[in-house]
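Per-entry structural report
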Amino acid sequence: MPVKVDRLSAGWLPSRIRQIQSPGRWALDLPEFNCAFRAIGDFNPDSVALVAVERACGSTICGIPLEDDLILAIPAGTSVTATVRPGLTYAVAIVPTATWMEIQSVATRTVLEQVSDRPAAVRLAAGEAQRIRSQMRSMADHLATVASDSVLPQQPPGAFVEYLGVVANAFAGPDSRETGTAGSASHHFRQASAAEDFIRTHIREDIPIVRLCKEIGVSRRQLEYAFRTTFAVTPLEFIRALRLNEARRLLTTARANGLSVTTIAMDVGVSHLGRFAANYRLFFGESPKETLQRAGRS
């Protein structure tokens, strides 16, 4: 799925994503993230994502606070927002909706005409969760070996379907719960999300915290708490991070558009160029000028 990613903190320990994908049919991703970022995108309209969380580290997906040993089902076409914190580790299986419906029908012993259109989650016992993760890693190792010698089949292989069956059985149990964004998002999450929407819309303007509080209808203390619990940064740090990320996007096309570093900095609402350059290097490991020069060479 196309995703817009905004980095929220500095840090240079690399993140890793191991991906195994059949041509347009199913996929298996095993990421480990070592930086904080905000991601927004629309999920595939024909597939379901099943996210098995190993370490949550205070991260959220679709406004749902993740927990260790949680499995989250994200239905097709969901508008996905995620706040990722360093240390988040999970394994996600992506499968066509029709396949997931068929496997769920077997688990529930009923014929399903449609799957839920809201995210749902189930928390596994630690031993069961560890067994599922071990099964996932073994399957990934096997599929990676197969993929190195030939093209993966369009239909999920037996080991992949078996894993999905285990997940479907977990969702069919009594502890499964629907957690749609509107029903589960906390009051603080909604406040922070409303503030985020305003900031993104007005990123090129001066946004004092007093103005933000007035727009959202909260006190400064409430806003600070909402941002810290949702994004693990203060409102000012969040605004600064979004401006740095937007500047980086513009710098990658600046030469083609005839823009300078100073022009771009002003366009994203920066008022202090020296501080902007220092913060940019801290976030991205290079100066704005170096990004501009590297983009011009590519």
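Residues numbered from 1 in each chain as written. Predicted model: local features only at pLDDT ≥ 70, side-chain atom pairs only at ≥ 80, totals over all residues. Heavy atoms only, no water.

1. Some details on the state of the cysteines
Heads up, the condition is: Throughout, a disulfide means two cysteine sulfur atoms within 2.5 Å of one another. Burial status follows relative accessibility: with a 1.4 Å probe on protein chains alone, a residue under 20% of its type maximum counts as buried, one over 50% as exposed, and anything between as partly exposed.
Inspection of every chain in the model, using the stated rule, returns zero disulfides. This cysteine, Cys 57, is not joined by any disulfide, and Cys 35 carries the nearest cysteine sulfur, 12 Å off. Cys 57 gets classed as partly exposed once you look at its relative accessible area, which sits at 35%.

2. A short note on the layout of surface pockets
So the rule is basically this: Cavity and pocket criteria rest on a 1 Å grid covering protein atoms alone: a 1.4 Å probe that fits but cannot get out defines a cavity, protein on both sides within 12 Å along at least 5 of 7 lines defines an open pocket, and an atom within 4 Å of a point defines a lining residue. Grid points are joined across faces, edges and corners, and a volume is the space filled by probe spheres set on the points. Helix and strand definitions follow DSSP, with helices as H or I runs of at least four residues and strands as E runs of at least two, each counted in order from the N terminus. Think of it as three bins: nonpolar holds Ala, Val, Leu, Ile, Met, Phe, Trp, Tyr, Cys and Pro, charged holds Asp, Glu, Lys and Arg, and polar takes everything else, Gly as well.
In this model, the second largest pocket occupies a volume close to 420 Å³. Arg 240, Arg 243, Gly 269, Val 270 and Ser 271 are, among the 16 residues lining the second largest pocket, the residues nearest its centre. Looking at the lining of the second largest pocket, the elements that each hand over two or more residues are α8 (235-251) and α11 (273-284). In terms of residue count, the dominant contributor to the lining of the second largest pocket is α8 (five residues). Broken down by class, the residue content of the lining of the second largest pocket amounts to seven nonpolar, four polar and five charged.

3. What to know about the confidence of the model for the protein chain
Which entries qualify depends on this criterion: On a scale of 0 to 100, pLDDT captures the predictor's confidence in every residue. Residue contacts follow a heavy-atom distance rule, with two residues in contact if any of their heavy atoms lie within 4.5 Å.
Residues with a pLDDT of 70 or more make up 93% of the protein chain, whose mean pLDDT is 87. Of all helices and strands in the protein chain, the one with the weakest mean pLDDT is helix α4 (residues 181-184) (40), whereas helix α6 (residues 209-216) scores best (95). The model gives residues 180-184 a pLDDT under 50, and that stretch makes six contacts with residues more than four places away or in other chains.

4. What to know about the pairing of strand β8 (residues 70-74)
Our working definition: Each pair of strands is called paired provided DSSP finds at least two bridges between the two strands.
Burial of β8 is extensive: five of the five residues sit out of reach of the surface. Alternating residues of β8 divide into Leu 70, Leu 72 and Ile 74 and Ile 71 and Ala 73, and every residue in both groups is buried. The pairing of β8 with strand β11 (residues 120-123) spans four bridges and is classified as antiparallel. Bridge assignment links Ile 71 to a residue of β11, and that residue is Val 122.

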